[in-house]
Amino acid sequence: MVTFLDKEFLMKEEGSSQLLRNDGSSVKTSSLPRASILVVDDEPAVLKVLITRLELANYQVFSAKDGDEALEVFHREAPDLVVLDVMLPKMDGFAVCRRIRAESLVPIIFLTALEAISERVAGLDLGADDYLSKPFSPKELEARIATILRRMGPGAPVAEPREIPAGQGVMKLGDLVVDTNRRQVSRGGERIGLTYTEFSLLELLFRDPGKVVPRAEILEQLWGYPPRRAADLRVVDVYVARLRGKLEPDPRNPELILTVRGIGYASQRVGEFPPVVA
């Protein structure tokens, strides 16, 4: 069953790169350099519409219909972003995400028909950057993709970087060294792997140390959309928990990222960090 919210259906005019609405009017497409996207869904109709929409938004699109094929295409094509359905044959989306995250920082957006908040949180816990609930609007998916790729910037690497050069754009947060040029974090010379979304969250919270950043503001700045329901803010909570788990010596008693109950989160002021014991 095709599950979309858009009332207009867009398709390609035969022999042309024009995108047509159902009323026959054309839609202008972007002339920016093409990013590549892997779309994974086992519903042929859904896959066809998403491929058409994304190609006409000037993306290079690869596709897969099951988990095994998704990993095969991912390794062969090295896409810039993955759109991944949760319910897949052979290997579900969670398992695919886990395999990809073991080797790559490539952004992942989950498509899910699962209603339970716990299931959505499980996907974010595995390292997904965002999720969309079915039925969804292709326009919303395009907006989410554009937000993530814009945040990454042109030519951003999706594989794990290997080394941290010294230089400008480096700040110390207690025993952590944060290189904002390479988007890398290390402790004691050992690099801590952060996804682009995790590093962007770190940058946002430490842009003005000590300032309280509301959860809704974090969602809008990093994910590009306002909260429409309380469940949307769980994305922020999950990512703060992931960041604490990687950066805090004791995530249950955080010293780096503090919770301001009922509002949001605040970073510890640099001068307030406890001394590092050699």
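This text follows the structure it describes.
Residues numbered from 1 in each chain as written. Predicted model: local features only at pLDDT ≥ 70, side-chain atom pairs only at ≥ 80, totals over all residues. Heavy atoms only, no water.

Student: So, the pattern of salt bridges: which residues are in play, and what are the values?
Tutor: According to the stated counting rule, one finds 16 salt bridges in the structure shown. Here Asp41 makes a salt bridge to Lys134, at a shortest N to O gap of 3.1 Å. Separated by 93 residues along the polypeptide, Asp41 in the loop between strand E4 (36-40) and helix H1 (44-56) and Lys134 in the loop between strand E8 (130-133) and helix H5 (138-152) bring together distant segments of the chain. As far as burial versus exposure is concerned, Asp41 and Lys134 are alike and both buried. (Salt bridge = Lys/Arg side-chain N within 4 Å of Asp/Glu carboxyl O. Helix = DSSP H or I, 4+ residues; strand = E, 2+ residues; numbered from the N terminus. Buried < 20%, exposed > 50% of the residue type's maximum accessible area, 1.4 Å probe, protein only.)

Student: Explain H5 residue by residue, including any values.
Tutor: A rise of 1.5 Å per residue sets the reference length of H5, with its 15 residues, at 21 Å; its end C-alpha atoms lie 21 Å apart and thus fit the reference within 8%. In terms of residue burial, H5 counts as a mostly covered element, since eleven of its 15 residues are buried. What H5 keeps buried is the set Pro138, Glu140, Leu141, Glu142, Arg144, Ile145, Thr147, Ile148, Leu149, Arg151 and Met152. At the N-terminal boundary of H5, the capping side chain belongs to Ser137, with an oxygen 3.1 Å from the backbone nitrogen of Lys139. (Expected span 1.5 Å × (residues − 1). Polar contact = N/O pair within 3.5 Å; in protein donor to acceptor, adjacent residues only side chain to side chain.)

Student: Can you tell me about the sheet that holds strand E7 (residues 108-112), naming the residues and giving the values?
Tutor: In any sheet, the strands associate via hydrogen bonds between backbone groups, in a parallel or an antiparallel arrangement. Pairing is parallel in the open sheet, where five strands are placed in the order E5-E4-E6-E7-E8. Taken across any chain shown, the strands that pair with only one partner, and hence form the sheet edges, are strand E5 (60-64) and E8. Looking at each pair of strands side by side, their axes are set apart by 20° on average, direction ignored. Bridge analysis of strand E6 (residues 81-85) against E7 gives four bridges, and the strand direction is parallel. Residue Leu84 lies in a different strand from E7, and its bridge partner there is Phe110. Contacts from helix H2 (residues 67-77) reach E4, E5 and E6 within the one sheet, and its direction differs from that of E5 by about 150°. (Pairing = 2+ DSSP bridges. Axes fitted to C-alpha atoms, helices over the stretch in contact; angles between N-to-C directions. Contact = heavy atoms within 4.5 Å.)

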